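Here's the letter readout for the chains.
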Amino acid sequence: MKYPDRIEYITFLFSVLDEFLMTQENASKRGSPETYPDASLIVFSRL
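Calculation criteria
- Residues numbered from 1 in each chain as written.
- Predicted model: local features only at pLDDT ≥ 70, side-chain atom pairs only at ≥ 80, totals over all residues.
- Heavy atoms only, no water.
- Helix = DSSP H or I, 4+ residues; strand = E, 2+ residues; numbered from the N terminus.
- Areas by Shrake-Rupley, 256 points an atom, 1.4 Å probe, with all protein chains shown as cover.
- Salt bridge = Lys/Arg side-chain N within 4 Å of Asp/Glu carboxyl O.
- Buried < 20%, exposed > 50% of the residue type's maximum accessible area, 1.4 Å probe, protein only.
- Polar contact = N/O pair within 3.5 Å; in protein donor to acceptor, adjacent residues only side chain to side chain.

Student: Please explain the overall build of the protein chain as it appears in this structure.
Tutor: Secondary structure summary: the protein chain contains 2 helices and 0 strands in total. Of the accessible surface of the protein chain, which amounts to about 4700 Å², a share of 58% is contributed by carbon and sulfur atoms.

Student: Just checking my understanding: could you explain the pattern of salt bridges for this structure?
Tutor: Counted under the stated rule, the structure contains 1 salt bridge. Residue E8 pairs with K2 through a salt bridge whose shortest N-O separation is 3.2 Å.

Student: Explain the environment of K2 here, please?
Tutor: Relative to the helices and strands, K2 is located in the segment before α1 (6-22). Under the relative-accessibility criterion, K2 is labelled exposed at 66%. Polar side-chain contacts of K2 include one of 3.2 Å to the side chain of E8.

Below you can see the structure in the form of structure tokens.
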């Protein structure tokens, strides 16, 4: 059985996150501007 490598795993996570973010409403956020997109922080914090 072939297991996914890191690139396939990251690609999958980004695609699932993109689908989720499309369902969310855009709301203005307070504070400083984002340096990194939320998706990157979620995906790369678990690696």
